[in-house]
Amino acid sequence: MLNPRKTPTLPAIGGLTLIYFVAGYFSLKLAVVNPSASPVWPPAGIALAALLVFGYRVWPAIFVGAFLFNVATAGNFLTSLGIAGGNTLEALCGALLVNRFAGGTQVFERPQNVFKFALATLISTTVSPSLGITSLALGGFARWENFWQISLTWWLGDTSGELVVAPLLLLWSIPATQRKWNRAQALEVSFLLLLLVVLAEIVFGGSFQISARNYPISFLCGPIVIWTAFRFTPRETATGVFVLSSIAIWGTLNGFGPFATQPENQSLLMLQAWTAALTITAMAIAAAIAERNRAQAAIEQQKETVEAANKTKDNFLAMLSHELRTPLTPVIAALDALEAETSPTELAKCSLSMIRRNVELESQLIDDLLDLTRIAKDKLQLRFGSIDANEIVANVVEICRAEAQERRLNLHVNLRAGAHHVLADSAKFQQIIWNLVKNSIKFTGENGDITISTTNPEPGTLLITVRDTGIGIEREIMNRIFDPFEQGERTFQRRYGGLGLGLAISKSLTQAHGGTLTAQSDGRDRGSTFILTMKTVSPPTRVVKFTAPVPDTRPLRILLVDDHVDTCTALERLLVRRGHLVAAAHNVRSAMEAAARSPFDLLISDIALPDGTGIELMSYLRAMSHIPGIAISGFGMNGDIEKSFEAGFAEHLVKPVKMENLEAAIDRVMTGSPN
């Protein structure tokens, strides 16, 4: 659609002059109180819409058109000049006010602008009556004593013309307001228009006895106009109001409808006042609904953007996890090989211990990031069962004891709780305790004390308390101590390192278990206390199973597939050292070729491979034989693990893979034991 503001000026002025002249000439046919004052004045709306659409440059068309139809109907040359000047100035003032205060051509996009438009119309339409009637009175074509009566007719005619006609022309001229209907909407618009015409005919048309008797039933038309405002845009609403106004004016002129009870001029004035009020109400509602729809569309778009960003973030974290985990696997495997040496020196032992500790720390940081993502997306899967909390605490203490001794810390354990079984996921519950103890070890200086205790303050309640004599928590930090990435002051972040996720994950895991986790501290260097509260349950019933002795492990023919050469080499050496026959491959194609040449007892494969995936490889091999498989991958999200199981893998180990975990997985797979 062409931009109206780019239309050549002279053709625009010529066309507007003709339209304005014709509309004004026929509108003056309805003038009663004075030949120059009509209660129905569409030219005012035409002039205002033209200036808003084409710009102020077309004002000569209004002046010329007004002058011509006034000279042709009433008054003389001078009075026609005065009236033409008033009409032109009125349109310019109205356009200026709308452009300045009501949003210009976007006036009907917001409800507040609709009211500003109405106010601008009420103000600007006082210009033409003032100048026009003064010109007529001075020229002897109007009596001064009739000034206010003529002014009211003139003003209300101009006002209703701008309120009814200007929105219609403006909204059908601006490309931004155009809207395509689907079939259902087109049918609904047609139905509403037909219903509006029928009701207008009933109220104003005279075809029915009720309108011929002038019953006050104009309110019947309101719900249809409001329905249109709620269901569609201001453009359809303005169109409906114009159709209704046209039928109402025709009926009132013929003596039908609720307003045709007075002399013709008064009847039309009352009708125009009713139409103006209905127009303002309906257009404001339509603008409000349109604004709400735009806001909803913007929210939906933002939602899609956020979801796309979240998906991108998840993919990035998964890829980052894979890329960070993969190089750690050969390091862990090399450590296993070096620690298996018969007589390592003391320095070598310390160095190997330091390397393993830092590699495991790196792996834990990756796990924390992924756990935080799972918790935030509510995708954390928990397997609840009755577990011994005292046993979990004791296990965590033993795991952390070596690190505590290395930092010269005193660990005190006081497991006094008599009822110490809780309903929890064993691994995640241990992670909560581990995070709390590791946090105390991290922030407690040499020769400090850490006390881990369990108590039953009341029946059915278990309290697990981790108290330390470390750096403490300041009052302003306390409220956000469980926020992700919170580590207090920057000096603490630089000094102690880490991501600040341990406490946040512990808090979320505790809530997922139905418990509470709180922190207490008297301030800087006064130590801190973390209290985990859980509901106790009855201990599980012990079942004694008699199992046959596990047969000696026989050498296995293993197909090992991993595109990371160092990982593949390190794992191959460890598996060969344990007596297995290993064929190594670095992509799907070479693995398939190896499987075609000779049978294998077990597949150990990475998921991400250069020319395909381990899932595709597993599916191919399962079609040839019933070979079991173990997936090893840096992708450790729940969805990744589920895909591995669906493809036929019996185990999914997340890198870095420790040899003892791999050996345990091999034993489970080959003996058919559940994971």
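Presented here is an overview of the structure given in this document.

Conventions used here
- Residues numbered from 1 in each chain as written.
- Predicted model: local features only at pLDDT ≥ 70, side-chain atom pairs only at ≥ 80, totals over all residues.
- Heavy atoms only, no water.
- Axes fitted to C-alpha atoms, helices over the stretch in contact; angles between N-to-C directions.
- Helix = DSSP H or I, 4+ residues; strand = E, 2+ residues; numbered from the N terminus.
- Parallel < 35°, antiparallel > 145°, perpendicular 65-115°, else oblique.
- Left-handed = near helix turned anticlockwise from the far one by under 90°.
- Contact = heavy atoms within 4.5 Å.
- Nonpolar A, V, L, I, M, F, W, Y, C, P; charged D, E, K, R; others polar.
- 1 Å grid on protein atoms, 1.4 Å probe; cavity = no way out; pocket = protein on both sides within 12 Å on 5 of 7 lines; lining within 4 Å.
- Points joined across faces, edges and corners; volume = space filled by probe spheres on them.
- Buried < 20%, exposed > 50% of the residue type's maximum accessible area, 1.4 Å probe, protein only.
- Pairing = 2+ DSSP bridges.
- Expected span 1.5 Å × (residues − 1).

1. Some points on the packing of helix α20 (residues 565–577) against helix α24 (residues 659–671)
Then step 1. Taken N-terminus to C-terminus, the directions of α20 and α24 make an angle of 60°; their axes are 12 Å apart at the nearest point. Considered as vectors, α20 and α24 are oriented oblique to each other. The handedness of the crossing between α20 and α24 is right-handed. Of α24, the residues touching α20 (which contributes L571, L574 and L575) are M659, L662 and I666.
Then step 2. A class-by-class count of the residues in the contact of α20 with α24 yields 6 nonpolar, no polar and no charged.

2. Focus on empty space enclosed by the protein
Then step 1. Within this structure, the stated rule accounts for 4 cavities of 30 Å³ or more.
Then step 2. Each pocket or cavity is described by its volume, and for the largest cavity that value is around 60 Å³.
Then step 3. Taken together, L28, S36, A37, S38, W41, F69, N70, I83, N87, W154 and D158 make up the full set of residues lining the largest cavity.
Then step 4. Looking at the lining of the largest cavity, the elements that each hand over two or more residues are α3 (59–73), α4 (77–101) and α7 (147–173).
Then step 5. Of the residues contributing to the lining of the largest cavity, the split by class is 6 nonpolar, 4 polar and 1 charged.

3. Brief notes about the environment of N76
Then step 1. Summarising the element assignment, N76 is placed in the loop between α3 and α4.
Then step 2. Judged by relative accessible area, N76 falls into the partly exposed class, the value being 31%.
Then step 3. On a C-alpha basis, the gap between N76 and L136 in space is 9.1 Å, while along the polypeptide they are 60 residues apart.

4. Some details on the pairing of strand β13 (residues 629–633)
Then step 1. Within β13, 5 of the 5 residues are buried, which leaves it mostly tucked inside the rest of the structure.
Then step 2. Burial along β13 is two-sided: the face carrying G629, A631 and S633 and the face carrying I630 and I632 are both buried.
Then step 3. Pairing between strand β10 (residues 602–606) and β13: 4 bridges, direction parallel. Residue pairing across strands places D606 opposite I632, the latter belonging to β13.
Then step 4. Where β13 meets strand β14 (residues 651–654), 4 bridges bridge the pair, whose relative direction is parallel. Paired with A631 across the strands is H652, a residue of β14.

5. Here we look at helix α1 (residues 9–27)
Then step 1. When the terminal C-alpha atoms of α1 are compared, their 26 Å separation across 19 residues agrees well with the 27 Å that a helix rising 1.5 Å per residue should span.
Then step 2. The inward-facing, buried residues of α1 abut α2 (42–54), α3 and α4.

Geometry only, nothing functional implied.
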